[in-house]
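# Observations on the three-dimensional arrangement
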Amino acid sequence: ASSFARMFVQVCLYFYCKCLWRCLKFVVRKLTGRCELQRICYNTKPGAARTMKIEASLKGSKSKRLQTSVSVHPDAIEKTIDDIMELKRINPDINPQLGVSLQACLLQIVGYRNLIAEVEKLRREPYDSENLQHEEMLLKLWKCLKPNSPLKARISKQWCEIGFQGDDPKTDFRGMGLLGLYNLVYFAEWDTEIAQQVLSDSLQPKYSMILIFFFSHPLSQFSKAEWEKKKFDKAIGYSFAIVGINITDLAYNLLVSGALKTHFYNVAPEAPTLTHFQQTFCYLMHEFHKFWIEEDPLDIMEFNRVREKFHKRILKQLQNPEMALCPHFAASESLINM
C-alpha cells in the first residue's frame, strides 16, 4: 500500500511539474515576446551548453514535429528549420541569426546520432583475415609502430611486441570488431611519435621512469636501499594493443551513453565525425597511459580498477558543459579553442 501511495504521489508530482513548466513557458513567452528556442539561442553561447539545451527543448516539446526534428536526415535540416520557424511563428527576416544558430545545433545533434550508428557498424563488423583491406590495415599498424623491425611472417610471435596476446591478432578484435583496429591504426599513423612512446613505455615503463627520477633527484641523495626501492616502485607494463582495444570500448560507451556530447558539441562546429571520435580515442590512450603510471598498480590484475577509476574521472570532466577534452597531440591541434 505504501509503495502504491508513493508511486501515486510521484505520478501526480510529475504531471503537476509538467503542467506548471508549460504554464511558466507560456507566461515567459508572453512577457519576453520570445519562445524557448529563441531565449536559448540569444542567451546561451555556442557550444555544448546551447546545443544540449536546444536538444532538450525539442525533445520535451508537446509538438511531434519538434520532437522528431532531432532525428531527421542531414539533408532535411534546412527544411526542418523552416518548419520550426513556421510552427513557432517566428519571422526569419526579423530573426535571421536564429535560423543559423538552430541549424548549427541540429547539425551537431543529428551528426552525433549518425556517428553512433557509424561507430556501431564498425564495432559489429568482425575482423576477416580473408579481407585484403583488413589485412592491409593490420600490417600498417605494425609498420607505423615498428618501422625498423620488419614483420617476418603474418602469423608470428612478433605481434606480442606491440601488445597482442598471441601469434594472430585477429582473435583479439572480437570484442570491438574493426573499431578497435581503426582506432589503433589512426593513433599509430596520425600521432606516431606519441603512439611509439606509449608502446615503448608500456614495454619498459620502469626504466623510463627511473631515468626521469634519476635526472630530477641526484643519486647521491639516497642510500643504496632507497634507490633499489625506488627502482621497483613504478608502474608495471601492459599490453599496448589489448589496452587500445579496451580503451576503444571505453570511448564507445562514452559515446553511446551521450557523455561525449559535451566534448563533441564544443569541438565540432557542425556534425561530429568518425575522425573526431578517433582523435578522442588518441586523447584517452595518452591520458590513460599517464594515469596508469600515476596510479602505480602492483600488477596487471589491477587493470580493471585503474580503468574504472579513469572512466569516472573522464565522466566527471564531461559533466562540465564547457568541457572539451583539449587534445594535445598533432592529430587534433586544429580543434583546440575552436
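Residues numbered from 1 in each chain as written. Predicted model: local features only at pLDDT ≥ 70, side-chain atom pairs only at ≥ 80, totals over all residues. Heavy atoms only, no water.

### Observations concerning the overall build of the protein chain
What counts here: Every helix listed is a DSSP run of H or I at least four residues long, and every strand listed is a run of E at least two residues long, numbered separately from the N terminus. When a residue's accessible area, from a 1.4 Å probe over protein chains only, is under 20% of the maximum for its type it is buried; when over 50% it is exposed; and in between it is partly exposed. Contacts were defined at the residue level, with two residues in contact if any of their heavy atoms lie within 4.5 Å. Here the Shrake-Rupley method, with its probe set to 1.4 Å, supplies the accessible areas, and only the displayed protein chains count as covering residues.
When helices and strands are tallied, the protein chain shows 15 helices and zero strands. Out of the 338 residues belonging to the protein chain, those deemed buried represent 45%. Long-range pairs, those at least 24 residues apart, make up 68% of the contacts in the protein chain with a sequence separation of at least 6. On the protein chain, roughly 18,800 Å² of surface is accessible, and the fraction owed to carbon and sulfur atoms is 57%.

### A few points about helix H2 (residues 36–43)
When you tally the buried positions in H2, you get six out of eight residues, the bulk of the element. Along H2, the residues that are buried comprise Glu36, Leu37, Gln38, Arg39, Ile40 and Cys41.

### Notes on the nonpolar core
Let me state the cut-off plainly: Definition of nonpolar core: a set of buried residues of the types Ala, Val, Leu, Ile, Met, Phe, Trp, Tyr and Cys, connected through side-chain atoms within 4.5 Å. The split of the chain into domains comes from an automatic or database domain assignment.
In terms of nonpolar packing, the biggest core is built from 84 residues, with Ile54, Leu141, Leu181, Phe277 and Leu284 touching the most fellow members. Two domains each put at least three residues into this core: domain 1 (18–123) and domain 2 (128–319). Beyond its immediate chain neighbours, meaning those up to four positions away, Leu181 contacts Tyr127, His134, Met137, Leu138, Leu141 and Phe173.

### A few points about the pattern of salt bridges
Test applied: Within this document, salt bridges are pairs made up of a side-chain nitrogen of Lys or Arg and a carboxyl oxygen of Asp or Glu, the two lying within 4 Å of each other.
Counted under the stated rule, the structure contains 17 salt bridges. In this structure, Arg65 and Asp83 form a salt bridge, with 3.9 Å as the shortest nitrogen-oxygen distance. A residue pair is termed long-range when its members are at least 10 positions apart, and Arg65 in helix H4 (residues 64–68) and Asp83 in helix H5 (residues 77–87) qualify at 18 residues. In this structure, the salt-bridge partner of Arg123 is Glu120, at a minimum N-O distance of 2.8 Å. Note that Arg123 and Glu120 are positioned in helix H6 (residues 96–124) at a spacing of three residues, about one turn of the helix. Residue classification places Arg123 among the partly exposed residues on the basis of a relative accessible area of 22%. A cluster of three or more residues bridged by salt bridges with shared partners is formed by Glu295, Glu302, Arg305 and Lys309.

### Remarks on unusual backbone geometry
A positive phi angle, near 55°, is found at Arg89, a position not held by glycine. Summarising the element assignment, Arg89 is placed in the loop between H5 and H6. Even without glycine at this site, Asp296 takes up a positive phi of about 50°. Since its relative accessible area comes to 30%, Asp296 is described here as partly exposed.

### Concerning helix H3 (residues 48–59)
Rules: In this scheme, a helix's expected span is set at 1.5 Å multiplied by one less than its residue total.
Along its 12 residues, H3 runs 16 Å from first to last C-alpha, staying within 8% of the 16 Å computed at 1.5 Å per residue. Here H3 has its buried residues at Ala48, Arg50, Thr51, Ile54, Glu55, Ser57 and Leu58.

### Thoughts on the packing of aromatic side chains
As a reminder of what qualifies: Think of it this way: a Phe, Tyr or Trp ring, Trp meaning its six-membered ring, pairs with another when their centres are within 6.5 Å, and the plane angle makes it stacked under 30 degrees, edge-to-face over 60, tilted otherwise. Remark: a charge is flagged as sitting over a ring if the NZ atom of Lys or the CZ atom of Arg is within 6 Å of the ring centre and within 35 degrees of the ring normal.
By the definition in use, this model includes 16 aromatic pairs. An angle of 65° between the planes, with centres 5.6 Å apart, marks the rings of Phe164 and Phe173 as edge-to-face. Both residues of the pair, Phe164 and Phe173, count as buried. Cluster of aromatic residues (ring-pair linked, three or more members): Tyr238, Phe288, Phe291, Trp292, Phe303 and Phe310. Over the face of the ring belonging to Tyr112 we find Lys261, whose NZ or CZ atom lies 5.7 Å from the ring centre.

### Let's talk about the packing of H3 against H6
Convention followed: Angles run from 0 to 180 degrees between N-to-C directions of axes, and those axes are lines fitted to C-alpha atoms, restricted for helices to the stretch in contact. Angles are sorted into four bins: roughly parallel if under 35 degrees, roughly antiparallel if over 145, roughly perpendicular if 65 to 115, and oblique for all others. For this classification, the nonpolar set comprises Ala, Val, Leu, Ile, Met, Phe, Trp, Tyr, Cys and Pro, the charged set comprises Asp, Glu, Lys and Arg, and every other residue, Gly included, is treated as polar.
Contact geometry of H3 with H6 gives a least axis separation of 9 Å together with a crossing angle of 85°. Between H3 and H6, the crossing angle belongs to the class labelled roughly perpendicular. Between H3 and H6, the contacting residues are Arg50, Thr51, Ile54, Glu55 and Leu58 on the first element and Ser101, Leu102, Cys105, Leu106, Gln108 and Ile109 on the second. Residues belonging to the contact of H3 with H6 are distributed by class as follows: six nonpolar, three polar and two charged.

### What about the packing of H6 against helix H12 (residues 240–257)?
What counts is decided by this rule: Here a crossing is called left-handed whenever its near helix is offset anticlockwise from the far helix by less than a right angle, and right-handed whenever the offset is clockwise.
Axis separation between H6 and H12 bottoms out at 10 Å; the angle between their running directions is 145°. Here H6 and H12 pass one another in a crossing that is left-handed. Contacts from Tyr112, Leu115, Ile116, Val119, Glu120 and Arg123 in H6 reach Tyr252, Leu254, Leu255 and Val256 in H12. Within the contact of H6 with H12, the residues separate by chemical class into eight nonpolar, no polar and two charged.

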